Amino acid sequence: MANNSETFISRLSPVCFWDIDKDTFDPDQYPAHIIPRVLEYGTLGDWRLIKAYYGMDKIVEVCKNIRTLDAVSLAFICAMSGTKKEDYRCYRIRQSNPTLWNS
């Protein structure tokens, strides 16, 4: 693991990543694990870190392909990237499986 990735992962909020060993986790190999957690549970500082590390294009690419992302995080990534929620897999899946309590 490169020194840059070690520094990056160690600066993220421990609240988001209580279940991983930051010393051995490779953020380049698992961006789909880090990005949604930061969007849903991270701080603004965490957002700035992932944006600087991955770049907006990579964040959007990952978010478009994940199955779940809460509505607030989806709205945030759409606003920050200028994309439409319909482009995201998590939105399309949610629309095809509505529940009574989320109608």
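Worth saying up front: this structure is predicted, and the values here are computed from it rather than measured. Along each chain, residues carry numbers from 1 onward, in the same order as the chain's sequence is written. Side-chain atom pairs in this predicted model are given and counted only at pLDDT of 80 or more, local residue features only at pLDDT of at least 70, and totals for whole chains, interfaces and linings cover all residues. Note: side-chain values were computed over all heavy atoms of the structure, leaving out hydrogens and water.

J.: Talk me through the confidence of the model for the protein; I want residue IDs and the actual numbers.
T.: On average, the protein scores 86 in pLDDT, and the residues at 70 or more come to 88%. Each residue carries a pLDDT value, the predictor's own confidence for that position, ranging from 0 to 100. Elements are defined by DSSP. Helices are runs of H or I of four residues or more, strands are runs of E of two residues or more, and each kind is numbered from the N terminus. Within the protein, helix α4 (residues 56-65) carries the highest mean pLDDT (96), whereas helix α1 (residues 3-11) carries the lowest (78).

J.: Tell me about the side chain of Ser73, residues and numbers included.
T.: With respect to the helices and strands, Ser73 occurs in helix α5 (residues 71-81). In what follows, residue pairs with any heavy atoms lying within 4.5 Å of each other are defined as contacts. In contact with Ser73, not counting residues within four places along its chain, are Leu39 and Glu40.

J.: I'd like a description of the packing of aromatic side chains, backed by residues and values.
T.: A ring pair, where both rings are aromatic, is described by two values, the distance of the centres and the angle of the planes. The criterion for an aromatic pair is that two Phe, Tyr or Trp rings (for Trp, the six-membered ring) have centres within 6.5 Å, with stacked assigned to planes under 30 degrees apart, edge-to-face to planes over 60 apart and tilted to the rest. This structure, assessed with the given rule, holds five aromatic pairs. Each ring, one from Phe8 and one from Tyr53, has its centre 4.0 Å from the other, and the planes form 5°; the classification is stacked. Of this pair, Phe8 sits in helix α1 while Tyr53 is found in helix α3 (residues 44-54), placing the two residues 45 residues apart along the sequence. Tyr53 carries the same exposure label as Phe8, and that label is buried. Taken together, the aromatic side chains of Phe8, Tyr53 and Tyr54 make up a single cluster linked through ring pairs. Each residue gets one of three labels from its accessible area relative to the maximum for its type: buried under 20%, exposed over 50%, partly exposed in between, using a 1.4 Å probe on protein chains only.

J.: I'd like to hear about the nonpolar core, residue by residue, with values.
T.: Take the buried residues of types Ala, Val, Leu, Ile, Met, Phe, Trp, Tyr and Cys, join any two whose side-chain atoms come within 4.5 Å, and each joined set is a nonpolar core. Formed by 28 residues in total, the largest nonpolar core has its most connected members in Leu12, Ile34, Ile50, Ile77 and Tyr88. The biggest single contributor to this core is α3, with five residues. When neighbours within four sequence positions are excluded, Tyr88 is seen to be in contact with Val60, Cys63, Lys64, Leu74, Ile77, Cys78, Ser81 and Thr83.

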